[in-house]
Amino acid sequence: QVQLVESGGGLVQPGGSLRLSCTASGSILSIDVMAWYRQRPGLQRELVAISGNGGSTNYADSVKGRGTIDRDNAKNTVYLQMNSLKPEDTAVYYCYVLVRTPTLVPVPLWGQGTQVTVSS
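Small disclaimer: the values here were computed from a predicted structure and weren't measured.

Enquirer: Please explain the side chain of Asp89 as it appears in this structure.
Expert: With respect to the helices and strands, the residue Asp89 is situated in the loop between strand S8 (77–82) and strand S9 (91–100). A polar side-chain atom of Asp89 sits 2.8 Å from the main-chain amide nitrogen of Lys86. Ignoring any residue separated from it by four or fewer positions in sequence, one finds Asp89 in contact with Arg38, Arg66, Met82, Ser84, Val116 and Val118.

Now the structure itself:
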C-alpha cells in the first residue's frame, strides 16, 4: 500500500510565507505526477500547481509569481512554497500523486488535506 502524509499548514498573516510538504511511502516503483489542489470555502476543489512526468510544471493564475512546486524524487516528496499570502488563499490544501506500484498499474492517491488560514 502507498500512503500520503501532508504537513505544513497553519495560521499565517497576510504577506507571509508558508511551505507545504507531502511525502509518499510504500511500494512505489515510480511517481508520474505530483500536484497540489485546494478547496476554498464554498468553492469547488481547484488545481494550484502540478509537476508532470517530464519535469514540466503548471500553476493556477491565482498563484503565479507567488507559488513554487518542487519535487525531491529521492524522498518521494513534493513541496509547495507560497509567498505573499492573501486571505483568499485560505483553504484546505490537498496533495495528489499518481504513482506506479511494482505491478506497473498507475494508482491515483489523495492526501488527507491540511488547513491553511491567512488572517491578521
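Okay, back to it.
Enquirer: Would you explain the state of the cysteines in this entry?
Expert: Disulfide: a covalent bond formed between the sulfur atoms of two cysteine residues. The final tally for this structure, using the stated rule, is one disulfide. The disulfide partner of Cys22 is Cys95, and the S-S distance across this bridge is 2.2 Å. A torsion of -85 degrees about the S-S bond marks the disulfide between Cys22 and Cys95 as left-handed. Within this pair, whereas Cys22 is found in strand S3 (residues 18–26), its partner Cys95 is found in strand S9, the two being separated by 73 residues in sequence. The same class applies to Cys22 and to Cys95, which are both buried.

Calculation rules
Residues numbered from 1 in each chain as written. Predicted model: local features only at pLDDT ≥ 70, side-chain atom pairs only at ≥ 80, totals over all residues. Heavy atoms only, no water. Helix = DSSP H or I, 4+ residues; strand = E, 2+ residues; numbered from the N terminus. Polar contact = N/O pair within 3.5 Å; in protein donor to acceptor, adjacent residues only side chain to side chain. Contact = heavy atoms within 4.5 Å. Disulfide = S-S within 2.5 Å. Buried < 20%, exposed > 50% of the residue type's maximum accessible area, 1.4 Å probe, protein only.

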